[in-house]
Amino acid sequence: MSEEFSSKLKQTFEDIRTMKVRGAGRIARAAVAALRDEIFYVSDSSPEEFYKRMQAAANFLKSSRPTAVSLPNGINTVIKSIQKGIAQGLDLKSLKEYVAKEAETFIQKSIEAQKKIGEIGTKRIVNGDTILTHCNSQSAISVIETAFKEGKQIKVFVTETRPRFQGRLTAAYLADHGIDVTLIPDTAARLYMRKIDKVVVGADAIAVNGAVVNKIGTSQIAALAFESRTRVMVAAETYKISPQTYWGELIEIEMRSPYEVAPKSWLDKHPRIKVMNPAFDITPPQYIDFIVTEKGIYPPQGIIMLFKELYELA
Ligand code: RUB
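Keep in mind the model is a prediction, meaning the values are calculated, not measured.

What follows is about the environment of K84. Following the sequence through the fold, K84 ends up in helix α4 (residues 70-87). For the pair K84 and D176, spaced 92 residues apart in the sequence, the C-alpha separation amounts to 45 Å.

Printed below as a string of structure tokens:
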């Protein structure tokens, strides 16, 4: 099936699957860019045939990783633009140009949204704050970096984020940009929570009830923050809201290889040990103080209103 796609598209699929490209925003932009390039790879006789080929490429890319809702949401904007172009009666050449432009617009808007989240989120960071972040979220980093660039004296605690250690990426980035960073084991989060003024994390998906799906361990940190009255900010673009949750569907949690948790050689020696390696968890809305999007700041309970506005369901 995948033979019909360009090697570039297949490479993007592989890069997302193997986490060479990772983080919900980056995943969405990479997939949309791959689809944009695919437009000029597929040779078709009619707009309908083109639509069919692009739909197949879209489904293939969607299957690369299951949890980040930004991936299908980004891909769907491309597919919807094909439907729109066909409905307008565009010829194949104009249709392709139109779809390529729409894909590029999604990518640019995604980058702008992350910047805007930084500008809005920084309003909730005060001089002297000590922040804790988990994993490696560009939107969370945007808030932290903007606050720092505005001259706020901040300190950042970063959890290592086992088993893939994405926290190291965040710690290195922030330290390289001059920010005071302390890397801690995930298991030290409770010990240090009393020093933390705000938890700032990203999201892979947001359910319409305000629950947030993010890197495994996020819900534990949010529960600890709740226990010590520390505020929890989620920084996420609106394309991370999951439309399927409006109809009662659940967000699939990706299960990854057991060998990320323990080496194969060791597990082979202990065949009776089972391993579970979920990549994400769900933080209930009551553990989240507010969600910063490019459209503004919302309490988790306000996400349903935002969703209805975005999808014109109000
Ligand atoms: C990454 C992760 C990030 C979100 C948000 O998980 O959980 O917090 O994707 O990132 P993984 P961003 O490393 O498994 O992809 O704000 O950059 O979209």
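Looking now at the nonpolar core. Judged by nonpolar contacts, the single largest core of 34 residues is most densely connected at L9, L35, F50, M54, L61, I75 and V99. If sequence neighbours within four positions are ignored, V99 has contacts with I39, F50, V78, S81 and I82. Residues A188, V212, A222 and A225 belong to the second largest nonpolar core, which totals 27 residues.

The next point concerns the pattern of salt bridges. The full count for this structure, using the stated rule, is 20 salt bridges. Residue R36 is joined to D37 by a salt bridge in which the shortest nitrogen-to-oxygen separation is 3.1 Å. Residue class for R36 comes out partly exposed when judged on its relative accessible area of 22%. Judged by relative accessible area, which is 29%, D37 ranks as partly exposed. Between K149 and E145 there is a salt bridge, with its nearest N and O atoms 3.7 Å apart. Here E145 and K149 lie together in helix α6 (residues 138-149), a separation of four residues that amounts to about one turn. Classification of K149 as exposed rests on a relative accessible area of 65%. Given the relative accessible area of 12%, E145 is considered buried. It is possible to trace a salt-bridge network through shared partners that takes in R65, R164, E254, R256 and E260.

Judged by how many residues are buried, strand β2 (residues 155-159) sits mostly within the fold: four of five residues are covered. Across four bridges, strand β1 (residues 130-133) lies against β2 in parallel orientation. For L132, the partnering residue across the bridge sits in β2 and is F157. Since β1 and β2 lie parallel, the crossover through α6 that links them has a hand, and here it is right-handed.

In terms of domain boundaries, the chain breaks down into domain 1 (2-116) and domain 2 (125-310). Put simply, the middle of domain 1 and the middle of domain 2, counted by C-alpha atoms, are 27 Å apart. Listed by partner, the interface residues are 21 residues for domain 1 and 27 residues for domain 2. When domain 1 packs against domain 2, the two sides together hide about 1,900 Å² of surface, and 51% of this comes from carbon and sulfur. Counting across the domain 1 and domain 2 interface gives one salt bridge. Two residues, R65 and E254, come together in a salt bridge whose shortest N-O distance is 2.8 Å. Applying the counting criterion to the domain 1 and domain 2 interface returns 12 residue pairs in polar contact (both at pLDDT 80 or more). At the level of elements, α2 (24-39), α4 and α5 (92-121) are the ones that each hand at least two residues to the side of domain 1 that touches domain 2. Per-element tally for the side of domain 1 that touches domain 2: the top contributor is α5, with six residues. Across the side of domain 1 that touches domain 2, the residue classes tally to seven nonpolar, seven polar and seven charged.

The rules behind these values
- Residues numbered from 1 in each chain as written.
- Predicted model: local features only at pLDDT ≥ 70, side-chain atom pairs only at ≥ 80, totals over all residues.
- Heavy atoms only, no water.
- Helix = DSSP H or I, 4+ residues; strand = E, 2+ residues; numbered from the N terminus.
- Core = buried A, V, L, I, M, F, W, Y, C linked by side-chain atoms within 4.5 Å.
- Buried < 20%, exposed > 50% of the residue type's maximum accessible area, 1.4 Å probe, protein only.
- Contact = heavy atoms within 4.5 Å.
- Salt bridge = Lys/Arg side-chain N within 4 Å of Asp/Glu carboxyl O.
- Pairing = 2+ DSSP bridges.
- Right-handed = clockwise from strand over helix to strand, strands pointing away.
- Domains from an automatic or database assignment.
- Buried area = accessible area lost by both parts, 1.4 Å probe.
- Polar contact = N/O pair within 3.5 Å; in protein donor to acceptor, adjacent residues only side chain to side chain.
- Nonpolar A, V, L, I, M, F, W, Y, C, P; charged D, E, K, R; others polar.

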